[in-house]
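# Close look at the chain arrangement
Here's the letter readout for the chains.
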Amino acid sequence: AAGVIQSPRHLIKEKRETATLKCYPIPRHDTVYWYQQGPGQDPQFLISFYEKMQSDKGSIPDRFSAQQFSDYHSELNMSSLELGDSALYFCASSRTQGADYGYTFGSGTRLTVV
Amino acid sequence: AQTVTQSQPEMSVQEAETVTLSCTYDTSESNYYLFWYKQPPSRQMILVIRQEAYKQQNATENRFSVNFQKAAKSFSLKISDSQLGDTAMYFCAFMKHDFGNEKLTFGTGTRLTIIP
């Protein structure tokens, strides 16, 4: 079965650089969620999109922005990177219709800021 | 806002034994879901079990079962016949039922080690 695809799997950036993380949801899933998991921490919700519109926003820094495109894939853009942005970034997708909405996580993108 | 509390940072148990992980939550919502996720060293988030709040019957998935006490806002996970592959971080999570807006709120996790 198709899964949530995240790219890249690993990313190393220097401070003050910009990073773009991509998420490709499961086909026919209409909602995408982004989470940030710092070392030794639980995942924290960043932002979500339903039908290409932002549906909710969590503790996402102003330096970060995200969008969902017409093909439902989503990108998380992170600018002026700081050491504290080093984390595992998860994307998850789900669908609002159907008995099993299939909330599924991708394998994550590990971002290291040096 | 919802909060999820896992009071056991670490637990260990002998292989083949039974272990119970605790989770409590706080919410004013009436329509919600509760989850247990497993995160092995690969750091993949793997769904273990899901419980709909409106269902009185406790969810079970093979060796995994929950004890859902809605009034007490308690949601514990029981792992029977534990296996070495169960070694992982386990997160309890809460989700309000709201189409297109179903973020997960996680607890701080319990690191479970299965001892051979």
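Coordinates for the structure precede this section.
Described in the following lines is the structure provided in the data block. None of these values were measured; they are calculated from a predicted model. (Residues numbered from 1 in each chain as written. Chains lettered and ligands numbered in written order. Predicted model: local features only at pLDDT ≥ 70, side-chain atom pairs only at ≥ 80, totals over all residues. Heavy atoms only, no water.)

### A short note on the state of the cysteines
On inspection of all chains with the given rule, the structure shows two disulfides over all chains. Note that C23 of chain A is cross-linked by a disulfide to C91 of chain A, the S-S spacing being 1.7 Å. Disulfide C23 of chain A-C91 of chain A: torsion about the S-S bond near -55°, hence left-handed. Taken together, the residues span a long stretch of sequence, with C23 of chain A in strand 3 (residues 19-24) and C91 of chain A in strand 9 (residues 87-94) at a distance of 68 residues. The same class applies to C23 of chain A as to C91 of chain A, namely buried. Bridging C23 of chain B to C92 of chain B, the disulfide has an S-S length of 2.0 Å. As the torsion about the S-S bond is roughly -70°, the C23 of chain B-C92 of chain B disulfide counts as left-handed. A residue pair is termed long-range when its members are at least 10 positions apart, and C23 of chain B in the loop between strand 3 (19-21) and strand 4 (24-26) and C92 of chain B in strand 10 (residues 88-96) qualify at 69 residues. There is no split in this pair, since C23 of chain B and C92 of chain B are both buried. (Disulfide = S-S within 2.5 Å. Helix = DSSP H or I, 4+ residues; strand = E, 2+ residues; numbered from the N terminus. Buried < 20%, exposed > 50% of the residue type's maximum accessible area, 1.4 Å probe, protein only.)

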